[in-house]
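Take a look at the letters that make up each chain.
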Amino acid sequence: MKSMSGREFTRRFGLVALATSLLAVVGCSPEEEGRTDEAKPKVALIMKSLANEFFVTMAAAAEDHQEQHQAEYELIVNGIKNESDLAQQVALVDQMIGVGVDAIVIAPADSKALVPALARARKDGIHVVNIDNRLDSDVLAEYDLAIPFIGPNNRKGAREAAAFALEQLPEGAKVVILEGVTTAQNAIERRMGFEEAVAASGANLVTKQSAAWDQTKAAEVTAAILVRHPDVQLILAANDNMALGAASAVSFADLDHDVTIVGFDNISAVHPLLKDGRILATVEQYGDQFAVNGIELALDMIEGTSELVDRETPLVVVTQADLEDQNEPSTTQ
């Protein structure tokens, strides 16, 4: 679970942000490799908001992978400005169809709305790999699509993180859930995992509201909740951006008690808050590898050497103690 330095994050964000306005084709020219465009497949990576460190890291890992395999494929990296810009993400899919890519690896902003566009891609013979946020199985069935998914069990991760937090609190603790985009399958699964842990512990779910994965909106939503429910003891946020927003709102609320906060994604921005206790836990889902795994599967599909099988990836609850363990000097030589 490596975190990026401020300089490295800035460098990578700058590189990836450029891809939101341009089609960033990464790789050596065909002349340098002595190959034609037709011999080198083009893979498009389409992500959600590049304002989110989680996806910046994902894109950077994909670019690093392509640099190590320049002779094998070209990479086009794209993302949208915010998590809810569905029209822009659909437009990116259609743009990649027009470009004539061989495969699309996508982290869909919405589990249902992207399916028609991806159906158009498949009709044109483009292979599709779904990462991070699972496409809706019922809508896929309506379009008779089989698209493999690479990602973790979000419900399990959320349940484990919430259970860890609830163990630290008295029975009947008052809990708030901050949801992501409510039509996204990973947001649904994380909410369900949180709810299951709350129900199992006997805690009191005061309210659940969407902050659409956004830090600023989470701060606003949390501030309003704390006005109505100043006795809240636990905030379960479906991603780290919202956990950061919640922490900001709590710090300004001037409450007479501590509020425990849980996030999801283990981005580097939450590490200072984990260390000082403002955030109790987050969930590491190794998102930097989603795109790499998706690209490798896409290349296998292009070669006809892979079955369309879902692949579940690991996750783990991360706490202050885990960060302290990382910082301990090694005793080996």
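Everything below is about the structure shown above.
Residues numbered from 1 in each chain as written. Predicted model: local features only at pLDDT ≥ 70, side-chain atom pairs only at ≥ 80, totals over all residues. Heavy atoms only, no water.

**Q** I'd like a description of the pattern of salt bridges, backed by residues and values.
**A** Inspection of every chain in the model, using the stated rule, returns 12 salt bridges. Residue Arg120 is joined to Asp94 by a salt bridge in which the shortest nitrogen-to-oxygen separation is 3.1 Å. Taken together, the residues span a long stretch of sequence, with Arg120 in helix α5 (residues 115-123) and Asp94 in helix α4 (residues 86-99) at a distance of 26 residues. We note a salt bridge from Asp276 to Arg278, for which the minimum N-O separation is 2.8 Å. Residue Asp276 is classed as partly exposed on the basis of its relative accessible area, which comes to 44%. A network of salt bridges, in which partner residues are shared, links Glu179, Arg191, Glu195 and Lys208. (Salt bridge = Lys/Arg side-chain N within 4 Å of Asp/Glu carboxyl O. Helix = DSSP H or I, 4+ residues; strand = E, 2+ residues; numbered from the N terminus. Buried < 20%, exposed > 50% of the residue type's maximum accessible area, 1.4 Å probe, protein only.)

**Q** I'd like a description of the environment of Asn241, backed by residues and values.
**A** With respect to the element layout, Asn241 can be found in helix α10 (residues 240-253). Residues Asn241 and Ala219, 22 residues apart in the sequence, show an inter-C-alpha distance of 9.8 Å.

**Q** So what about the nonpolar core? Which residues, and what values?
**A** Counting 77 residues, the largest nonpolar core has Ile131, Leu178, Ile235 and Leu236 as the members making the most contacts within it. Considering each element in turn, this core owes the most residues, seven residues, to helix α12 (residues 288-303). By size, the runner-up hydrophobic cluster in this structure holds 25 residues, among which are Ile76, Leu114, Ile126 and Leu145. (Core = buried A, V, L, I, M, F, W, Y, C linked by side-chain atoms within 4.5 Å.)

**Q** Requested: an account of the packing of aromatic side chains, with residues and values cited.
**A** If you walk through the whole model with that rule in mind, you get two aromatic pairs. Seen in terms of ring centroids, Phe54 and Phe290 are 6.2 Å apart; in terms of plane orientation they differ by 80°. Their pairing is edge-to-face. Of the two residues, Phe54 sits in helix α3 (residues 53-68) while Phe290 sits in helix α12, which places them 236 residues apart along the sequence. The exposure classification of Phe54 matches that of Phe290, with both residues buried. Here the aromatic residues Phe54, Phe55 and Phe290 are joined through ring pairs into a cluster of three or more. The lysine or arginine in question, Arg190, covers the ring of Phe264, its NZ or CZ lying 3.9 Å from the ring centre. (Phe/Tyr/Trp six-rings, centres within 6.5 Å; stacked < 30°, edge-to-face > 60°. Lys NZ or Arg CZ within 6 Å of the ring centre and 35° of its normal.)

**Q** How would you sum up the side chain of Thr319? Please name residues and give values.
**A** Relative to the elements of secondary structure, Thr319 occurs in strand β13 (residues 316-319). Note on Thr319: relative accessible area 13%, which makes it buried. Residues contacting Thr319, with those up to four places away along its chain left out, are Phe164, Leu280 and Ala281. (Contact = heavy atoms within 4.5 Å.)

**Q** Which residues make up the packing of α3 against α12, and what values do they have?
**A** For the pair α3 and α12, interaxial distance at closest approach is 7 Å and the crossing angle is 40°. Taken together, the axis directions place α3 and α12 in an arrangement best described as oblique. Relative to α12, the crossing made by α3 is right-handed. Residues Phe54, Thr57, Met58, Ala61, Ala62 and His65 of α3 pack against Asp288, Phe290, Ala291, Val292, Ile295 and Glu296 of α12. Tallied by class, the residues present in the contact of α3 with α12 amount to eight nonpolar, two polar and two charged. (Axes fitted to C-alpha atoms, helices over the stretch in contact; angles between N-to-C directions. Parallel < 35°, antiparallel > 145°, perpendicular 65-115°, else oblique. Left-handed = near helix turned anticlockwise from the far one by under 90°. Nonpolar A, V, L, I, M, F, W, Y, C, P; charged D, E, K, R; others polar.)

**Q** I'd like to hear about α5, residue by residue, with values.
**A** Residues three or four positions apart in an α-helix share a direction because the helix packs 3.6 residues into each turn. Among all positions in α5, only Val115, Ala117, Leu118, Ala119 and Ala121 are buried. In this structure, the buried residues of α5 make contact with α4, β4 (103-106), β5 (127-131) and α6 (137-142).

What is shown is where atoms sit, not what they do.
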